[in-house]
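Architecture and fold: a report
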Amino acid sequence: MTAADTGLDLVAGGGGFIGSHLCEALLASGRRVRVVDNFATGHARHLSGVDVEVIRGDASDPEVAEAACAGVTRIFHLAARPSVPWSFEFPEQALQANHGTTVALIEAGAAAGASRLVFSSSSAIYGDDPALPKTEDMPPAPQSPYAEHKWMGEQVLRRAHDEGRLETVSLRYFNVYGPRQDPGSPYSGVISLFCRWALDGVPAKVFGDGLQTRDFIYVADVVAANLAAAAASGLAPGAVFNVARGERISVLELWQQVCLAAGCEPSEPTMLAARIGDVRHSVASIVAAERDLGFAPQVVFGTGLAQTLAYERQRAG
Ligand code: UD1
């Protein structure tokens, strides 16, 4: 690290599904943690009993970002509205929530002398390029405002790094799942919704023919990727890494597996029109993250699914 380590990290979006798990891991590793979150999609209950300082505010506001970044050494930027359909419905709010926050955090982080920013980017950047698996050097083909905002974020981060303002690393998450993913909205991640529906004994809603595929990664593995990206040395400016397991499953198969894991007969899903901007197939090459970050996903799908179902059962029960 360039500047002296203050021992304090910022988790932007620390009240969220992934961010709250990251806060716990940072504390366990001996760091002090500050959270900035507007709690638009995160929840204060995710941080109850967790020893973090919380700034309740919108980090796309430069003043909030400045207060959040004061005295921090590393910034983990997970503050976003992580939904493709939401970004089509509310493009201006999405631009502000996603890209606006990235710009504000870079500016405030660099001014505060932070040494590194780790950005939660997205595999949505690859769009529908038919080549599989997706590798980081493929040309971007964003097909939603959400994907565009993540791509723009990667570009401004790379430039800030090139200019020597702060080091940056972008992690392109594929489909993340696990405890605390909120099934409470139609924009929620598919596994959280499928777990809820399986436990409630109601049919899943499936968009399109259900043969689209995704590469699901458990939240603890995503946390590990963040820690590795914050600690790695010798990375290229604005380095970009896929974060996934490198395996894919179709949405229909997923519904079958969730039902079996929940102990219920798979019911016929309700088939609905395909969603605008929905990518057809998504599976990652994780060679670069393995090589440069020492990243190795630990949690197999069956284990992660069982833990997600256990959490969802207990949360609703
Ligand atoms: C997800 C992430 C996004 C991330 C991207 C990377 C969420 C909410 N979004 O987008 O932040 O950047 O992965 O690939 O986690 N589906 C159904 N029925 C439903 C809900 C979804 O059939 O009720 C289908 C969708 O049409 C899609 C798939 O399941 O084909 C996954 O959908 P979703 O979980 O919303 O994630 P992505 O759109 O892939």
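Residues numbered from 1 in each chain as written. Predicted model: local features only at pLDDT ≥ 70, side-chain atom pairs only at ≥ 80, totals over all residues. Heavy atoms only, no water.

With that settled, the discussion passes to the site of the ligand. In the neighbourhood of the ligand, 22 residues make up the surrounding shell, with Ser122, Ser123, Val190, Lys205 and Asp278 lying closest. Side-chain polar atom of Tyr146 to an oxygen atom of the ligand: 2.9 Å apart, as the coordinates give it. Within the backbone of Phe207, an N or O atom sits 2.9 Å from an oxygen atom of the ligand. Here the residues of the shell around the ligand sort into 11 nonpolar, seven polar and four charged. Counting contributing residues, the shell around the ligand receives three or more from each of domain 1 (4-177 + 217-246 + 285-298) and domain 2 (190-213 + 247-282 + 304-316). (Near = heavy atom within 4 Å. Polar contact = N/O pair within 3.5 Å; in protein donor to acceptor, adjacent residues only side chain to side chain. Nonpolar A, V, L, I, M, F, W, Y, C, P; charged D, E, K, R; others polar. Domains from an automatic or database assignment.)

Within the structure shown, the criterion is met by 17 salt bridges. Put simply, Glu53 and Arg34 hold a salt bridge, and the shortest N to O gap is 3.1 Å. Of the two residues, Glu53 is situated in strand 3 (residues 53-56) and Arg34 in strand 2 (residues 32-37); the sequence distance between them amounts to 19 residues. A salt bridge links Arg275 to Asp278; its shortest N-O distance comes to 3.9 Å. With a relative accessible area of 28%, Arg275 lands in the partly exposed category. One connected set of salt bridges, linked through shared partners, spans Asp5, Asp9, Arg31 and Arg74. (Salt bridge = Lys/Arg side-chain N within 4 Å of Asp/Glu carboxyl O. Helix = DSSP H or I, 4+ residues; strand = E, 2+ residues; numbered from the N terminus. Buried < 20%, exposed > 50% of the residue type's maximum accessible area, 1.4 Å probe, protein only.)

What follows covers the pairing of strand 5 (residues 116-122). Side-chain positions along a regular strand alternate between the two faces of the sheet. Counting buried positions along strand 5 gives seven out of seven residues, so the element sits mostly inside the fold. Neither face of strand 5 is open: one carries Arg116, Val118, Ser120 and Ser122, the other Leu117, Phe119 and Ser121, and all of them are buried. For strand 4 (residues 74-77) and strand 5, the ladder comprises four bridges, and the chain directions are parallel. Paired with His77 across the strands is Phe119, a residue of strand 5. Strand direction decides the pairing type here: strand 5 and strand 6 (residues 167-173), joined by seven bridges, are parallel. Its bridge partner lying in strand 6, Val118 is registered against Val169. (Pairing = 2+ DSSP bridges.)

The parallel open sheet is built from seven strands, whose spatial order is 3-2-1-4-5-6-11. The two strands at the open ends of the sheet, each matched to only one other strand, are strand 3 and strand 11 (239-243). Taken pair by pair, the neighbouring strands of this sheet meet at an average axis angle of 20 degrees, ignoring direction. Against the sheet, helix 1 (residues 17-28) engages strand 1 (8-12), strand 2, strand 4 and strand 6, with an angle of about 170 degrees to strand 1. Sheet contacts for helix 2 (residues 62-69): strand 1, strand 2, strand 3 and strand 4; angle to strand 2, the most-contacted strand, approximately 170 degrees. (Axes fitted to C-alpha atoms, helices over the stretch in contact; angles between N-to-C directions. Contact = heavy atoms within 4.5 Å.)

Further remarks concern the domain arrangement of the chain. Structurally, the chain comprises domain 1 (4-177 + 217-246 + 285-298) and domain 2 (190-213 + 247-282 + 304-316). Between the C-alpha centres of domain 1 and domain 2 the distance comes to 26 Å. Every contact between the two is made by 15 residues of domain 1 and, on the other side, 16 residues of domain 2. When residues of domain 1 are sorted by the area they lose upon contact with domain 2, Leu132, Tyr177 and Tyr218 head the list and together hold 33% of the total. For the interface between domain 1 and domain 2, the tally reads one salt bridge. With a shortest N-O distance of 3.5 Å, Glu247 and Arg245 are connected by a salt bridge. Here domain 1 is connected to domain 2 by four residue pairs in polar contact (both at pLDDT 80 or more). (Buried area = accessible area lost by both parts, 1.4 Å probe.)

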